[in-house]
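# Structure at a glance
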Amino acid sequence: MAVVLGPNRYGKAETRVVRVTRDGGTHRLKDVNVSVSLSGAMDEVHLTGDNAAVLPTDSQKNTVFAFAKRYGIGAIEEFGLLLARHFTASQPAVAHARVEIHEYGWRRISGGHSFVRDGGEVRTALVHHDVGGTGTVVSGLTDLVVLNSTGSEFHGFARDEYTTLEPTRDRVLATAVTARWRHRGTEAAWDDSYAAARDALLSAFAETHSLSLQQTLYQMGRAVLDGQDGVCEVRLALPNKHHFLVDLEPFGLENDNEVYFAADRPYGLIEGAVLTDDAPDAPSAWN
Ligand SMILES: O=c1[nH]c(=O)c2[nH]c(=O)[nH]c2[nH]1
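Residues numbered from 1 in each chain as written. Predicted model: local features only at pLDDT ≥ 70, side-chain atom pairs only at ≥ 80, totals over all residues. Heavy atoms only, no water.

Under an unreviewed UniProt entry, the name given to the protein chain is Uricase, and the organism recorded is Actinomadura meyerae. As recorded by UniProt, the Sequence similarities (unreviewed entry) comment attached to the protein chain reads in full: "Belongs to the uricase family." Under Pathway (unreviewed entry), UniProt gives the following word-for-word description of the protein chain: "Purine metabolism; urate degradation; (S)-allantoin from urate: step 1/3." (UniProt positions renumbered as here; feature names shortened; annotations may be inferred.)

Encoded structure:
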């Protein structure tokens, strides 16, 4: 029985590119996930290991970043066509290009450079009640994804022999907020309280000129407490969703804080509590 090569394709999946367009102080954001898959005369690489027809998936990823800079990202259909036509036109072995793009929507918070991602967030409540009649209520949310495309710095940090991070005076700051806030009592206008806390978190994130995510965390917690006497403690978990500036110099392009690689892991995880100095102890409230 003979064995033959069947249908095949290859490419770089899920290149996460964030393109910031700066129009003075007003920024626009395009956040996409691009998967390229090429097919054509690829028998040799499978049968003999001859790579002559294989444009590396690494080059495909670089093309996505370079095109994001060179042409911007308009409608994702248009960006997809641009890429697919490029690969079929420039690689003799490529007969077909498949480009799938997913776009994540963002809405403005306030100011010109602060955004909250559409959908996905979850409202949470955790209630404890004793037979004796005392209770605690912890409200919260998870997966509230926010991004500042400027207004964030990180420098002056401790260094050791393993430190390679470059200090920065202008970076993208993004996080998926998990916040929980403890109420003093068991009577409150819960929906209004939730809306006010969510607003306070968003405004504080947008309005804090950040020197670290830790500093932003404290300001976010404080904003919730300042807005509501009925809340005595806020706990926050803020993953630092790193956006790395892509080096476009090898392609003769300058990257003036426009094209970022949105990494999903590993991520910094910044956690902390902010509380009023009269907050009652609540050993079980958070578990
Ligand atoms: O805001 C930050 N806090 C850190 O603790 C940290 N560590 C790091 O590598 N980048 C950052 N950013």
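Now, onward.
## A closer look at the domain arrangement of the protein chain
How big an interface is tends to be reported as the loss of accessible area on association of its parts. What the domain assignment reports for the protein chain is domain 1 (8–133) and domain 2 (140–286). Between domain 1 and domain 2, the residue contacts involve 29 residues of the former and 37 residues of the latter. For the pairing of domain 1 and domain 2, the buried interface totals around 3000 Å² over both sides, and the portion due to carbon and sulfur atoms is 55%. Across the contact surface, domain 1 and domain 2 share five salt bridges. Run the count over domain 1 and domain 2 and you get 17 residue pairs in polar contact (both at pLDDT 80 or more). Elements with a contribution of two residues or more to the side of domain 1 that touches domain 2: β1 (15–23), β2 (26–40), α2 (57–71), β5 (114–117) and β6 (122–129). Split into classes, the residues belonging to the side of domain 1 that touches domain 2 amount to 13 nonpolar, eight polar and eight charged. (Domains from an automatic or database assignment. Contact = heavy atoms within 4.5 Å. Buried area = accessible area lost by both parts, 1.4 Å probe. Salt bridge = Lys/Arg side-chain N within 4 Å of Asp/Glu carboxyl O. Polar contact = N/O pair within 3.5 Å; in protein donor to acceptor, adjacent residues only side chain to side chain. Helix = DSSP H or I, 4+ residues; strand = E, 2+ residues; numbered from the N terminus. Nonpolar A, V, L, I, M, F, W, Y, C, P; charged D, E, K, R; others polar.)

## Quick look at unusual backbone geometry
With an omega of -5°, the peptide bond running from R265 to P266 counts as cis. Note that P266 resides in the loop between β11 (259–262) and β12 (268–275). You will see that E14, though not glycine, has its phi angle at about 60°, which is positive. Along the chain, E14 falls in the segment before β1. For N257, which is not a glycine, the phi torsion comes out positive at approximately 55°. Given a relative accessible area of 14%, N257 falls into the buried group. (Buried < 20%, exposed > 50% of the residue type's maximum accessible area, 1.4 Å probe, protein only.)

## Structural notes on the pairing of β2
With twelve of 15 residues buried, β2 lies mostly within the body of the structure. Where β1 lies against β2, nine bridges are found, and the strand directions are antiparallel. The partner of V18 across the bridge, within β2, is D31. Taking the residues that link successive antiparallel strands as the turn, the β1-β2 hairpin has two residues, and the phi of G24 there is positive, at about 65°. Bridging between β2 and strand β3 (residues 94–104) involves ten bridges; their strand directions are antiparallel. Considered in β3, the bridge of S35 is made with E100. (Pairing = 2+ DSSP bridges.)

## Some points on a negative patch on the surface
Residues D247, E249, E254 and D256 make up a contiguous surface patch of negative charge. With respect to the secondary-structure elements, D256 resides in the loop between β10 (243–245) and β11. Owing to a relative accessible area of 51%, D256 belongs among the exposed residues under this scheme. (Patch = residues over 30% accessible without salt bridge, like charges linked within 9 Å, V, L, I, M, F, W, Y side chains within 5 Å. Areas by Shrake-Rupley, 256 points an atom, 1.4 Å probe, with all protein chains shown as cover. Lys, Arg positive; Asp, Glu negative; His and termini not counted. Charge placed at Lys NZ, Arg CZ, Asp CG, Glu CD.)

## Let's talk about the environment of G268
When you line up the elements, G268 lands in strand β12. Sequence-wise, G268 and A97 are 171 residues apart; in three dimensions their C-alpha atoms are separated by 36 Å. Look past the residues within four positions of G268 in its chain and what remains in contact with it is L238, P239, N240 and H242.

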